[in-house]
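Each chain, letter by letter, is given below.
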Amino acid sequence: MARVLGISAHYHDAAAALVVDGEVVAAIQEERLSRIKNDPGLPLTAAFACLQHAGLQPADLDAVAFYEEPFAKLERVLVHLLRHLPRTWRAFPRALAGQLGSKIWVLDHLSEGLGVPRDRVVCFDHHRSHAASALLVSPYEHAAVLVVDGVGEAHATTIWDGRGGDLRLLASVDFPHSLGLLYAGLTAYLGFAVNEGEYKVMGLAAWGQPRLREPFAKIVRLTGDGAYELDLACFAHMSDADLGFGPALERLLGPRRPPGRPWDFTRDDDRHYADVAATLQAVLEDILLGLARKARALTGADHLCLAGGVALNALANARIQAEAGFARVFVQPAAGDAGGALGAALLAARDRGDPRPGPLRSAALGLPIDASRAHAIARELGLPARRVDDPAAHAARLVAAGKIVAHARGRFEWGPRALGQRSLLACPRDPATRERMNRLIKEREPFRPFAPAVLAEKTGDFFAAEPDDMTPFMTTTARVHEAARERLGAVTHRDGTARLQTVAAERAPELHAVLTELAALGHDPVVLNTSLNGAGEPIVAGAEDALAFWLRHGVDALLVDDLLIERTP
């Protein structure tokens, strides 16, 4: 039996994950502790936090596993830079310096930073790490695995056959033909930040129509049998990594949207940009559906696992579930690069003879709230805090009264979705709540939707869906019943769907208790659930972060474990 620490770093969303005797013990993104959004740095703080949670020291580790192969990545970068000269000459010095700096020596830096022997530090292929992160914590013995992201060492899309704990690569599409970089380039074109604004593009898509199929057919071309090619003249993967797209894209779609300009859908150009988002979403779904069908044909599997950053596209996941021919679909909650840390740890544990872990039941893999520290800080700051015996009952009462409640209880979540442990909760009925949340608390675009969380056993009362392998982790969407849309006005998106979370006691006990209390009070067992953070901030982790959020943002109440603060009128 082995103790393995997995690490992802040096692109974005660095993370550490700890596997002990074949079981996932802890998994933490560095941003939660450093308080730097999408922190890409070597996640030593997260790594030591995982070890401390498990009562281990670095010397106790049998292996440290990195989520990609540094020298293979260097080779791909060099080959691409040289092959595309002179177009890449501006990017050459910076890209080379980045690879020959901290990135190429990351295994040595991990050995030094953690204080473990260098021969215990191993690495795995980027896409294999992604595939393992999904398959090995899924409930499936045999599954097709589809990995779609920006790029690893060379692959941008891969299809795997997963049986038991083994993964066999069947097909790939290689860089620079990348769906992740297609989405990133259009994200930048629409005026959003890459690696942060992709969720905004998904929300924006519902405000447009896919009217731009003709120009998009030139931007990305389906080549048959699930494959695709990008028109590389439209993109700038290496010549301008910050911008992400080239002049040819603007010749096809018109000038880029100015970053930071307020959205106004009475403007013709903003309606056009919404159509760009809608067409991008539709085209991406078509390509992913073709890839999923190819994966089914190659593997003969009834089940599908999705991984890579593109697997966080909940709209596409819902369509794959409905149309690709699989009986069940699973998406690991940290499907992006953070999840590679988990996959690498699981692969190293398998190599050392550990059994495959059981299916992932909960995303609450972070650190718990330190209640005593929360009370001490509140006293020091002179906040009107009080201890409550039944936090769930108080949360339910406040939500039922129309209040917005910051809810920090239990271990924080693994992945980008707040699932009740670090959430803002509110009544899902009134659209004005959505507007207040977007404008005053989250400080974000008015078209951004919010998600509903519903008692699992009551799902069918409100949605044209039942709990499945994705709904507990909020990685899919469902149609809201016509009869329920008025009652769910704050969480029903413009297209009549919602990014759904189904809540069972064994997966999210704190949120389940709140929903149960709401039902006991005679209200619908549904809440608006969004992440406990403000604009540009990582999701809250510890008691200090929760209290700092309270001081900066105008929520009505804060629950930190059993500490309650209510804002007086």
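Here, every reference points to the structure presented above.
Everything in this summary refers to the structure shown in the same document. This structure is a prediction, so every number in the text was calculated from the model and none was measured.

Moving on: the overall build of the protein chain. Helix and strand counts for the protein chain stand at 19 helices and 22 strands. By the compact-globule yardstick of 25 Å for 569 residues, the protein chain fits well, its C-alpha radius of gyration being 23 Å. With respect to the three principal axes, the spread of C-alpha positions in the protein chain is 65 × 60 × 45 Å. In the protein chain, of all internal contacts separated by at least 6 residues, the share reaching a separation of at least 24 is 70%. When the accessible surface of the protein chain is summed, it comes to about 21100 Å², and 51% of that surface belongs to carbon and sulfur atoms. Of the side chains in the protein chain, 62 bear a positive and 70 a negative charge, and the two mean positions are spaced by 4 Å.

The next thing to look at is the packing of helix α11 (residues 268-299) against helix α12 (residues 314-323). It is the contact of α11 with α12, at a shortest axis distance of 9 Å, that shows an interaxial angle of 40°. Relative to α12, α11 is oriented oblique. Seen along the crossing, α11 lies across α12 with a hand that is right-handed. Each of Q281, A282, E285, D286, L288, L289, A292 and R293 in α11 lies in contact with α12, whose residues at this interface are L315, A316, R319, I320 and E323.

Read from one edge of the open sheet, 5 strands run β8-β7-β6-β11-β12, paired in mixed fashion. Two strands close off the open sheet at either side, each with one partner strand: β8 (166-174) and β12 (328-331). Between one strand axis and the next, the sheet turns by 20° as a mean value, whatever way the strands run. Across 4 bridges, the pairing between strand β11 (residues 303-307) and β12 is parallel. Bridging across to β12, C305 finds its partner in F330.

With the rule as written, the count across this model stands at 11 aromatic pairs. Centre to centre, the rings of F66 and Y67 are 5.2 Å apart; their planes meet at 90°, and the pair counts as edge-to-face. Ring geometry for W263 against F265: centres 5.8 Å apart, planes inclined by 35°, an arrangement best described as tilted. A network of ring pairs unites the aromatic residues F192, W207, W263, F265 and F447 as a single cluster. Here R567 stacks its cationic end above the ring of W550, 3.8 Å away from the centre of that ring.

Turning next to the state of the cysteines. By definition, a disulfide links the sulfur atoms of two cysteines through a covalent bond. The full count for this structure, using the stated rule, is 0 disulfides. With no disulfide of its own, C123 lies closest to C50 among cysteine sulfurs, the gap being 20 Å. By relative accessible area, which is 27% here, C123 ends up partly exposed.

Before going further, it helps to examine the pairing of strand β15 (residues 422-426). Burial analysis of β15 places 5 of its 5 residues in the buried class, which makes it a mostly covered element. Of the two faces of β15, the one holding R422, L424 and A426 and the one holding S423 and L425 are both buried throughout. For strand β14 (residues 405-408) and β15, the ladder comprises 4 bridges, and the chain directions are antiparallel. Looking across to β15, one finds that V405 is bridged to L425. Here 4 bridges tie β15 to strand β20 (residues 526-531), and the two strands are oriented antiparallel to one another. Residue L425 lies in a different strand from β20, and its bridge partner there is N529.

Core analysis: the biggest nonpolar cluster contains 70 residues, and L5 and I7 have the highest contact counts within it. Counting residues per element, this core draws most heavily on helix α13 (residues 337-351), at 9 residues. Dropping the residues within four chain positions of it, I7 is found in contact with A15, A16, P43, A47, V64, A65, F66, Y67, L110 and A341.

A few words now on helix α18 (residues 509-520). For α18, built from 12 residues, the straight-helix expectation of 16 Å at 1.5 Å per residue is met to within 8% by its first-to-last C-alpha distance of 16 Å. Taken as a whole, α18 has its buried residues at E510, L511, H512, V514, L515 and L518. Structurally, α18 contributes buried residues whose contacts are with α15 (391-400), β14, β15, β16 (451-455), β19 (501-503) and β20. A positive phi of about 90° marks G522, the residue just after α18.

Residue position: S133 is located in helix α6 (residues 126-135). Within the local environment of S133, its side chain forms a polar contact with the side chain of Q332, the two groups lying 3.3 Å apart. Among all residues touching S133, those that are not within four sequence positions of it are A307, Q332, G339, L342 and G343.

Burial within β16 is extensive, with 5 of its 5 residues counted as buried. Pairing of β16 with β20 involves 4 bridges; the strand directions are antiparallel. Within β20, the position partnered with A453 by the bridge is V527. In terms of strand pairing, β16 meets β19 through 3 bridges, oriented parallel. Counterpart to V454 in the pairing with β19 is T502.

Right, let's talk about the sheet that holds strand β4 (residues 63-66) for a bit. In a beta sheet, neighbouring strands pair by backbone hydrogen bonds and run either parallel or antiparallel. Sheet architecture is open: 5 strands sit in the order β3-β2-β1-β4-β5, paired in mixed fashion. Every other strand in the sheet has two partners, leaving β3 (23-29) and β5 (121-123) as the edge strands with one partner each. Averaged over neighbouring strand pairs, the angle between their axes works out to 20° when direction is ignored. Inspection of the sheet shows β4 paired to β5 by 3 bridges, in the parallel sense. Note that in β5 the partner of A65 across the bridge is V122. In the packing of helix α2 (residues 44-54) onto the sheet, the strands contacted are β1 (3-8), β2 (15-20) and β3, and the crossing angle to β3 comes to about 145°.

This part takes up the environment of A292. Its location among the elements puts A292 in helix α11. Spatially, the C-alpha atom of A292 lies 9.6 Å from that of Q321, the residues being 29 residues apart in sequence. Apart from the residues lying within four places of it in its own chain, the contact partners of A292 are L146, L304, I320, A324 and F326.

Parameters at a glance
Residues numbered from 1 in each chain as written. Predicted model: local features only at pLDDT ≥ 70, side-chain atom pairs only at ≥ 80, totals over all residues. Heavy atoms only, no water. Helix = DSSP H or I, 4+ residues; strand = E, 2+ residues; numbered from the N terminus. Rg over C-alpha atoms; globule rule 2.2 N^0.38 Å. Contact = heavy atoms within 4.5 Å. Areas by Shrake-Rupley, 256 points an atom, 1.4 Å probe, with all protein chains shown as cover. Lys, Arg positive; Asp, Glu negative; His and termini not counted. Charge placed at Lys NZ, Arg CZ, Asp CG, Glu CD. Axes fitted to C-alpha atoms, helices over the stretch in contact; angles between N-to-C directions. Parallel < 35°, antiparallel > 145°, perpendicular 65-115°, else oblique. Left-handed = near helix turned anticlockwise from the far one by under 90°. Pairing = 2+ DSSP bridges. Phe/Tyr/Trp six-rings, centres within 6.5 Å; stacked < 30°, edge-to-face > 60°. Lys NZ or Arg CZ within 6 Å of the ring centre and 35° of its normal. Disulfide = S-S within 2.5 Å. Buried < 20%, exposed > 50% of the residue type's maximum accessible area, 1.4 Å probe, protein only. Core = buried A, V, L, I, M, F, W, Y, C linked by side-chain atoms within 4.5 Å. Expected span 1.5 Å × (residues − 1). Polar contact = N/O pair within 3.5 Å; in protein donor to acceptor, adjacent residues only side chain to side chain.

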